[in-house]
Amino acid sequence: MASVPSAAVFGCAGPELSRDERDFFRSVDPLGFILFRRNCRDPDQVRALVAEMRAAVGRPDAPVLIDQEGGRVARLRPPSWPAHPPMRLIGDLAAGDPEAAAEAAWINARLLAHLLHGLGITVNCAPVCDVPVEGAHDVIGDRAFGTDPEQVAGLARVSCLGMLDGGVLPVIKHLPGHGRAFSDSHRELPNVDAPLDALAATDFVPFEVLADMPLGMVAHVVYQAIDPDRPSSVSPAVIGTVVRGRLGFDGLLLSDDLSMEALSGSMEERARAVLAAGCDVVLHCNGDMTEMTGVARALVPLSARAGERWTRAAAMLKPPGAIDPEALRARLDALLGAGDV
């Protein structure tokens, strides 16, 4: 019987695995891996790294993740890879032509999936489903489709379908909504004091609409109206009552990066708290071996429920049909305005 992988996704330090990293991954057997810009030089190198990662755990279907949203959040960049627009550009198009915006959202996502699938990357940590409010920190900003929750929900759903059509799993983020954060959770803990009815009317809407998606990522944000004492990623109230309950999300739930400064405590303590709160998988991104070793001390095998969620997600990975990427890119440029992408 195959062993159950541990409830973690890890990054690595560079463009190839070191011997220590290979040994660590073989020992810990994480569910999967995540790539960052430091890991990506050119297509052949990325394909080789992806193969190395999977060989280290002996699972050729181990998920490999990346944040390839478009705009300023893109790990794969020119000249080796094409640029993609920020989602706000597609959202702006929706104000005058909703059908064109939906077409642009699907084409953009399908092209992203085409790019990733060709490298062996099976999961894209996108789309951003947050709804920014006036004055919020720009950490979300133009990564979001706009400020209207129904528009965000609609364009995010089309984007998810475009990725699935291209053989890549989308990750909806950041549950249950990062748009009201007035600080950057990479650097400090955001504290949202909006009442629950305001959250339900705006922030929650896209995630309710997309509750049937296979994968989600939870934010490191305190919501005073739900749990004033703990960030959402370590809050059983946020995850159990809101994400799993009110929003109805039953996909595989990942934490945001454990090394972000919004969280406190050792890496072992952070990982334990995230798993205890109800996240299925802890995410650690920076490739720091000392930190990863700390995370590993808290790891447990993927739970039976999480395993079912991952199996259901993986079953959605279908071989993509053929496309003409140049023709699709020309159409996207025409929809958004040549030179804006």
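Everything discussed here concerns the structure shown above.
Residues numbered from 1 in each chain as written. Predicted model: local features only at pLDDT ≥ 70, side-chain atom pairs only at ≥ 80, totals over all residues. Heavy atoms only, no water.

(A) Expanded view of the overall build of the chain. Broken down by element type, the chain carries 12 helices and 12 strands. Taking 341 residues into account, the globule formula puts the C-alpha radius of gyration at 20 Å, and the chain, at 19 Å, falls close to it. By the burial criterion, 57% of the 341 residues in the chain qualify as buried. Long-range contacts, defined as pairs at least 24 residues apart, comprise 76% of the intrachain contacts of the chain with a sequence gap of at least 6. Entry remark: accessible area of the chain is about 13,300 Å², with carbon and sulfur atoms responsible for 52%. (Helix = DSSP H or I, 4+ residues; strand = E, 2+ residues; numbered from the N terminus. Rg over C-alpha atoms; globule rule 2.2 N^0.38 Å. Buried < 20%, exposed > 50% of the residue type's maximum accessible area, 1.4 Å probe, protein only. Contact = heavy atoms within 4.5 Å. Areas by Shrake-Rupley, 256 points an atom, 1.4 Å probe, with all protein chains shown as cover.)

(B) Molecular detail of the state of the cysteines. Scanning the model with the defined rule gives zero disulfides in all. Residue Cys12 stays outside any disulfide, its sulfur separated by 8.8 Å from that of Cys40, the closest cysteine. Just so you know, Cys129 is unpaired, no disulfide at all, and the nearest cysteine sulfur is the one on Cys160, 5.9 Å from it. Its relative accessible area of 0% is what places Cys129 among the buried residues. (Disulfide = S-S within 2.5 Å.)

(C) Quick look at the packing of aromatic side chains. Applying the stated criterion across every chain yields a total of four aromatic pairs. An angle of 70° between the planes, with centres 5.4 Å apart, marks the rings of Phe10 and Phe24 as edge-to-face. Taken as a pair, Phe10 in strand 1 (residues 6-10) and Phe24 in helix 1 (residues 19-28) lie far apart in primary sequence, 14 residues in all. With relative accessibility at 0%, the residue Phe10 sits in the buried group. What makes Phe24 buried here is its relative accessible area of 10%. Measuring from ring centre to ring centre gives 4.9 Å for Phe25 and Phe33, while their planes differ by 80°; the resulting arrangement is edge-to-face. Under the relative-accessibility criterion, Phe25 is labelled buried at 0%. (Phe/Tyr/Trp six-rings, centres within 6.5 Å; stacked < 30°, edge-to-face > 60°.)

(D) Broad picture of the nonpolar core. Ranked by internal contacts, the top residues of the largest apolar core, which has 106 residues, are Phe10, Phe25, Leu35, Ile90, Ile121, Ile172 and Val282. The leading source of residues in this core is helix 4 (residues 98-117), at nine residues. Among residues more than four places away in sequence, those in contact with Leu35 are Cys40, Val46, Leu49, Val50, Met53, Val64, Leu65, Ile66, Asp67, Arg75 and Ile121. (Core = buried A, V, L, I, M, F, W, Y, C linked by side-chain atoms within 4.5 Å.)

(E) Representation of the packing of helix 4 against helix 12 (residues 325-336). Where helix 4 contacts helix 12, the two axes come as close as 10 Å, and the packing angle between them is 145°. Relative to helix 12, the crossing made by helix 4 is left-handed. Residues Ala100, Glu103, Ala104, Ile107, Asn108, Arg110, Leu111 and His114 of helix 4 form the contact with helix 12, whose participating residues are Pro325, Leu328, Arg329, Arg331, Leu332, Leu335 and Leu336. Grouping the constituent residues of the contact of helix 4 with helix 12 by class yields nine nonpolar, two polar and four charged. (Axes fitted to C-alpha atoms, helices over the stretch in contact; angles between N-to-C directions. Left-handed = near helix turned anticlockwise from the far one by under 90°. Nonpolar A, V, L, I, M, F, W, Y, C, P; charged D, E, K, R; others polar.)

From the geometry alone we can't say anything about function, so treat these as descriptive.
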